[in-house]
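The primary structure of each chain is shown beneath.
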Amino acid sequence: MQIFQRILDKYAPAAKSLIEILGSIPGTAVIAGSGIADTLDSNKILLKIPYNKLSGIPELSVQGHNGEVLLYAAESNTALVFSGRFHYYEGRTYDEICSLVIISYLAGIRKIIISNAAGGLNPLFVPGEIMLIEDYIDFMFLDSSSVFDTISPVGNISYNFINKSYFGSIRNSLIKQGVQFRQGTYAAVTGPNYETRAEIKMLRRLKADAVGMSTVPEMKTAAILGMETAAFSLITNSAKEVIQSVSHKEVIEVAEKSALLVRRFIETAV
Ligand code: HPA
């Protein structure tokens, strides 16, 4: 696998700036979905670097995202938290969607935790709960070949998209610390619309436990880069029969209500 020069030219300067600003780079990055970075403990934020200080990072368009890299002192580890991410439904290109993963990798980070807000399909899931992503169904069908030269004339490349040992170690830490969580399958769709009644029925028949519009392209890219990759969803609404649709404001409100749980989850996971 090789990253195309065009992609290196675009994102290496941001990685270089991060190294210059921080001196030493943490081992773990967290990509924070809607409202998730706001659940962190402000006393543990050691440094904030606005995205616009890092050349190459696209401008954000979703409200509720501040667009900052946070140096965060979690329990035993310091992590780099990216507050604000890029979605396909905003018209972003594949490399923009994955830019934070690529920059993390180029800065030397080798572990990444990707988070999102998602609709719960599993009837047991309640808004405010967290699902550790055990596996996913990719209905986004995005193609990574604009970023990597991974095309093999003899057939498919196979990558371990869900890193079992990283998943296992995070799961064990969460259990040990008594952090409540679910685990299950995440279905990734392009959006921007929420699912129809028939789509919800289909996704449930396929045994998806949650549905959302992000994360899978980033997980794939991280895995192709050989990073240890884990992901979780904050369940913000119920998509059981008919979508109980949520506005962006409501997503933020659910995140605020579960702030302590989300914070403990992240601090334990990193
Ligand atoms: N569907 C898709 N994406 C979502 C949802 C949902 O119900 N909730 C939050 N993100």
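Look up a bit, the structure's there.
For clarity, every value in this text was computed on a predicted model and none was experimentally measured.

What counts as what
Residues numbered from 1 in each chain as written. Predicted model: local features only at pLDDT ≥ 70, side-chain atom pairs only at ≥ 80, totals over all residues. Heavy atoms only, no water. Core = buried A, V, L, I, M, F, W, Y, C linked by side-chain atoms within 4.5 Å. Buried < 20%, exposed > 50% of the residue type's maximum accessible area, 1.4 Å probe, protein only. Helix = DSSP H or I, 4+ residues; strand = E, 2+ residues; numbered from the N terminus. Contact = heavy atoms within 4.5 Å. Axes fitted to C-alpha atoms, helices over the stretch in contact; angles between N-to-C directions. Parallel < 35°, antiparallel > 145°, perpendicular 65-115°, else oblique. Left-handed = near helix turned anticlockwise from the far one by under 90°.

Trainee: Explanation requested: the nonpolar core in the structure shown.
Mentor: The tendency in soluble globular proteins is for nonpolar side chains to be buried side by side. In terms of nonpolar packing, the biggest core is built from 49 residues, with Leu18, Ile57, Val69, Leu80, Phe82, Ile112 and Tyr186 touching the most fellow members. Looking at this core, the element that brings in the most residues is helix H1 (residues 5-22), giving six residues. In contact with Leu18, other than residues within four places in its own chain, are Gly23, Ile25, Ile49, Leu54, Val69, Leu80, Phe82 and Ile103. Among the nonpolar cores identified, the runner-up in size contains 27 residues, and Tyr72, Ile130, Ile170 and Ala255 belong to it.

Trainee: Explanation requested: the packing of H1 against helix H3 (residues 99-107) in the structure shown.
Mentor: Helix-helix packing is described using two parameters, namely the angle between the two axes and the distance between the axes. Viewed as axis vectors pointing N to C, H1 and H3 meet at an angle of 60°, and their least axial separation amounts to 8 Å. Accordingly, the angle class assigned to the pair H1 and H3 is oblique. You can see that H1 and H3 cross each other, and the crossing is right-handed. Contact with H1, carried on its side by Ile7, Leu8, Tyr11, Ala12, Ala14, Ala15, Leu18 and Ile19, involves Ser99, Ile102, Ile103, Leu106 and Ala107 of H3 and no other residues of that element.

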